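Here is how the chains run, residue by residue.
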Amino acid sequence: MKKRGKGIGSIFYGTGYGNGFPDVSRSVAVLRKDGKVKIYTGATEVGQGSKTVLSQIAAETLGISIEDVIFICEDTSITPDAGTAAASRQTYNTGNAIKKSCEELKRKIIDVTVKASGADAWEEINLRDVALNHKGQILKGEGEFIAETTEMKDETGQGNPYWPYTFNVYGVEVEVDTTNGVVEVIKAVCAQDVGRAINPKLIEGQMDGGFAMGLSYALFEDLNIKNGEIKHNKLTNYLIPTAMDVPDLEKIIVEDPEATGPYGAKGIGEPVMIGVAPAILNAIYDAIGVRITELPATPNKILLALKKKREVAL
Amino acid sequence: MKEIKLKVNHKDYHVAIEEDMRLLDLLRNRLNLTGTKEGCGEGECGACTVIMDGITVNSCMVMAFQAENREIFTIEGLEKGGRLDPIQQAFLDEGAVQCGFCTPGMVLSAKALLDKNPKPTREEIREGISGNLCRCTGYNKIVDAIEKASEYRKEE
Ligand code: FES
Ligand code: FES
């Protein structure tokens, strides 16, 4: 018999390394000879879209088009350290560092134009002319952002382990086949607090990707470690979802600007994943009345749990 | 060693291959067509997908000699005169690429699907790309992109 159930999962997530661990991002903005601006930062693009979002932040701060931002990242021999692309921290931490470096570059440019011609209105300054008129001079701004957290005391719960926090909720509907134990997610919706959506399309991409990972974590992925050895060591037995296993996801972007974020933005890489498994497990409970307490919720475990429930009822 | 003739991306090739060479290695290492990726090497992930005589194959599971006198399309063969194929354009427009490792295979599976079925439903699209695994996108934007590509191709 096929049974349906609904469940929700809600989380909050602290951005960055946290707990007093040093968390620093740096950026350098340099005016090029042709009036374009080069941004140097160690932030790593792994497909999540940091290059795009960080370039947008630079363009916004300088009031120039994104085509005039030359973004140089990853090469550690020429870029300043911006920490890892981890802990959902690049948009927020490195975004702040880039904004600062661009603000400093802007101040320096205004300084030289005031001296040269008295011009101090940014809108009237032509960056190409500035670069031409100040050939011998390197105009650059440096930015550093440090997320200052403190360790939380276990006994008292006091401290400031993270800043800022991000909130998320998932709702899913599942169909459980009680004859073979297969769980199918048939409907899903994700609401994600983003602070401010710098690039909605990329945010949606992160939501879709996080959802698929969370679904996979809840239902499929099992290393099957026996005596310290990973038995499921290839894609034939370590299952991940195909396009047939992931339903369309309804995506709701919640904007509530974060006062300390670059233009109010926060990172969402991990938050979009965490709520999926609890939502699915709650939906399974709603459908068949059993609590699965160990992931993944494989057909075998579902059948076993149903059997136990029947035995208890007898 | 064996000499074979084959056509890749409209070009005729005459190459010497080893008997135990995979089509994937022929494309990547002999013809320098590195757009075709190797993920698992065992027919599971679809990163190595190419089109052979109109049908998608996992080039890690096809021996090079099996490509004799066949016509192959790889991701490099899609653009025309410096212009992206509508499918490639749709992937860009919809944000369907994250790390990009699955993308060449996805695009070729999409092409094989659209060549046969120019206006597939979302379900048919999901089925058409179900041999291609993607770890980043959750597939939804890829499905959006293939829907859009179907519109772009109609306009052309
Ligand atoms: S590399 Fe051929 S299917 Fe994975
Ligand atoms: S975009 Fe990374 S695997 Fe598909």
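Residues numbered from 1 in each chain as written. Chains lettered and ligands numbered in written order. Predicted model: local features only at pLDDT ≥ 70, side-chain atom pairs only at ≥ 80, totals over all residues. Heavy atoms only, no water.

*Asks:* Can you help me understand the overall build of chain A in this one?
*Replies:* When helices and strands are tallied, chain A shows seven helices and ten strands. Here chain A has a C-alpha radius of gyration of 25 Å; the compact-globule value for 314 residues is 20 Å, and the former is much larger. Taken over the C-alpha atoms alone, chain A extends approximately 90 × 45 × 40 Å along its principal axes. A buried classification covers 47% of the 314 residues belonging to chain A. Here the analysis covers contacts within chain A between residues at least 6 apart in sequence; of these, 74% occur between residues at least 24 apart. For chain A, the accessible surface area stands at approximately 15,800 Å², while carbon and sulfur atoms represent 52% of it. Between the mean site of the 35 positive side-chain charges and the mean site of the 42 negative ones, chain A shows a separation of 3 Å. (Helix = DSSP H or I, 4+ residues; strand = E, 2+ residues; numbered from the N terminus. Rg over C-alpha atoms; globule rule 2.2 N^0.38 Å. Buried < 20%, exposed > 50% of the residue type's maximum accessible area, 1.4 Å probe, protein only. Contact = heavy atoms within 4.5 Å. Areas by Shrake-Rupley, 256 points an atom, 1.4 Å probe, with all protein chains shown as cover. Lys, Arg positive; Asp, Glu negative; His and termini not counted. Charge placed at Lys NZ, Arg CZ, Asp CG, Glu CD.)

*Asks:* Teacher, can you tell me more about helix 2 (residues 90-117) of chain A here?
*Replies:* One turn of an α-helix holds 3.6 residues; hence residues three or four places apart share an orientation. For helix 2 of chain A, which comprises 28 residues, the first-to-last C-alpha distance of 38 Å matches the rise-based estimate of 40 Å (1.5 Å per residue) to within 8%. In the stretch just after helix 2 of chain A, glycine 118 of chain A is the one whose phi turns positive, near 85 degrees. (Expected span 1.5 Å × (residues − 1).)

*Asks:* I keep staring at the interface of chain A and chain B and nothing clicks. Help me out?
*Replies:* Interfaces are often sized by the accessible area lost when the parts come together. Across the contact, 26 residues belong to chain A and 21 residues belong to chain B. Each partner contributes to the roughly 2,000 Å² buried at the junction of chain A and chain B, and carbon and sulfur atoms together form 53% of this total. Taken together, the connections running from chain A to chain B amount to four salt bridges. When the shortest N-O distance is used, the salt bridge between aspartate 248 of chain A and arginine 126 of chain B registers 2.9 Å. Applying the counting rule to chain A against chain B returns twelve residue pairs in polar contact (both at pLDDT 80 or more). Elements that contribute at least two residues to the side of chain A that touches chain B include exactly helix 4 (200-219) and strand 10 (249-255) of chain A. Take the side of chain A that touches chain B: its biggest share by element is nine residues, from helix 4 of chain A. Considering only residue class, the side of chain A that touches chain B consists of twelve nonpolar, seven polar and seven charged. (Buried area = accessible area lost by both parts, 1.4 Å probe. Salt bridge = Lys/Arg side-chain N within 4 Å of Asp/Glu carboxyl O. Polar contact = N/O pair within 3.5 Å; in protein donor to acceptor, adjacent residues only side chain to side chain. Nonpolar A, V, L, I, M, F, W, Y, C, P; charged D, E, K, R; others polar.)

*Asks:* Looking at this structure, how should I read empty space enclosed by the protein?
*Replies:* Empty pockets left among the atoms are what a rolling probe the size of a water molecule brings to light. Going through the model one piece at a time under the given rule, you end up with two cavities of 30 Å³ or more. Considered as a void within the structure, the largest cavity measures approximately 50 Å³ in volume. When grouped by side-chain class, the residues that make up the lining of the largest cavity number five nonpolar, two polar and one charged. In this structure, the second largest cavity spans a volume of roughly 40 Å³. Around the second largest cavity, the lining residues are Gly47, Gln48, Lys201, Leu202, Gly205 and Gln206 of chain A together with Gly95 and Gln98 of chain B. Each residue belonging to the lining of the second largest cavity can be placed in one class, and the counts come to one nonpolar, six polar and one charged. (1 Å grid on protein atoms, 1.4 Å probe; cavity = no way out; pocket = protein on both sides within 12 Å on 5 of 7 lines; lining within 4 Å. Points joined across faces, edges and corners; volume = space filled by probe spheres on them.)

*Asks:* Can you help me understand the sheet that holds strand 10 of chain A in this one?
*Replies:* Two modes of strand pairing occur in sheets, parallel and antiparallel, and in both the strands are linked by backbone hydrogen bonds. Residues and elements named next belong to chain A. With mixed pairing, the four strands of this open sheet are ordered in space as 1-6-7-10. Two strands in the sheet have a free side with no partner beyond their single neighbour: strand 1 (2-14) and strand 10. Between one strand and the next, the sheet's axes are offset by a mean angle of 15 degrees, whatever the strand orientation. Summarising the sheet, strand 6 (residues 165-177) and strand 7 (residues 183-195) pair through nine bridges and their orientation is antiparallel. Its bridge partner lying in strand 7, valine 176 is registered against valine 183. Against the sheet, helix 4 engages strand 6, strand 7 and strand 10, with an angle of about 125 degrees to strand 10. (Pairing = 2+ DSSP bridges. Axes fitted to C-alpha atoms, helices over the stretch in contact; angles between N-to-C directions.)

*Asks:* Looking at this structure, I do not really get a nonpolar patch on the surface. What am I missing?
*Replies:* Residue and element names in this part refer to chain A. Residues Leu223, Ile225 and Ile230 make up a contiguous nonpolar surface patch of roughly 250 Å² in combined accessible area. Residue placement: leucine 223 occurs in the loop between helix 4 and strand 8 (225-226). For leucine 223, a relative accessible area of 38% translates into the label partly exposed. (Patch = residues over 30% accessible without salt bridge, like charges linked within 9 Å, V, L, I, M, F, W, Y side chains within 5 Å.)

*Asks:* Sorry, what's going on with the domain arrangement of chain A here?
*Replies:* Residue and element names in this part refer to chain A. Domain assignment breaks chain A into domain 1 (2-14 + 162-313) and domain 2 (24-146). Centre-to-centre separation of domain 1 and domain 2, based on C-alpha positions: 38 Å. On the side of domain 2, 18 residues touch domain 1, which itself brings 19 residues to the contact. For the domain 1 and domain 2 pair, buried surface summed over both sides reaches about 1,400 Å², with 62% attributable to carbon and sulfur atoms. It is Ile198, Pro262 and Tyr263 that lose the most area in domain 1 upon contact with domain 2, and together they represent 40% of the buried surface on that side. (Domains from an automatic or database assignment.)

*Asks:* What am I meant to see in unusual backbone geometry here?
*Replies:* Peptide bonds are, in most cases, trans, and in most cases residues other than glycine have a negative phi. Each neighbour pair has its own omega, and for tryptophan 163 of chain A with proline 164 of chain A the value is -15 degrees, a cis peptide bond. Its location among the elements puts proline 164 of chain A in the loop between strand 5 (140-146) and strand 6. Going from leucine 295 of chain A to proline 296 of chain A, the amide bond is cis rather than trans, its omega being -10 degrees. Tracing the sequence through the fold places proline 296 of chain A in the loop between helix 6 (276-288) and helix 7 (299-313). Phi angles above zero are rare outside glycine, and asparagine 227 of chain A is one such case at about 50 degrees. Position of asparagine 227 of chain A among the secondary structure elements: in the loop between strand 8 and strand 9 (229-230). Taking relative accessible area as the criterion, asparagine 227 of chain A reaches 86% and is therefore assigned exposed. Look at asparagine 9 of chain B: it is not a glycine, yet its phi comes out positive at around 50 degrees. Within the secondary structure, asparagine 9 of chain B sits in the loop between strand 1 (2-8) and strand 2 (11-17). Owing to a relative accessible area of 16%, asparagine 9 of chain B belongs among the buried residues under this scheme.

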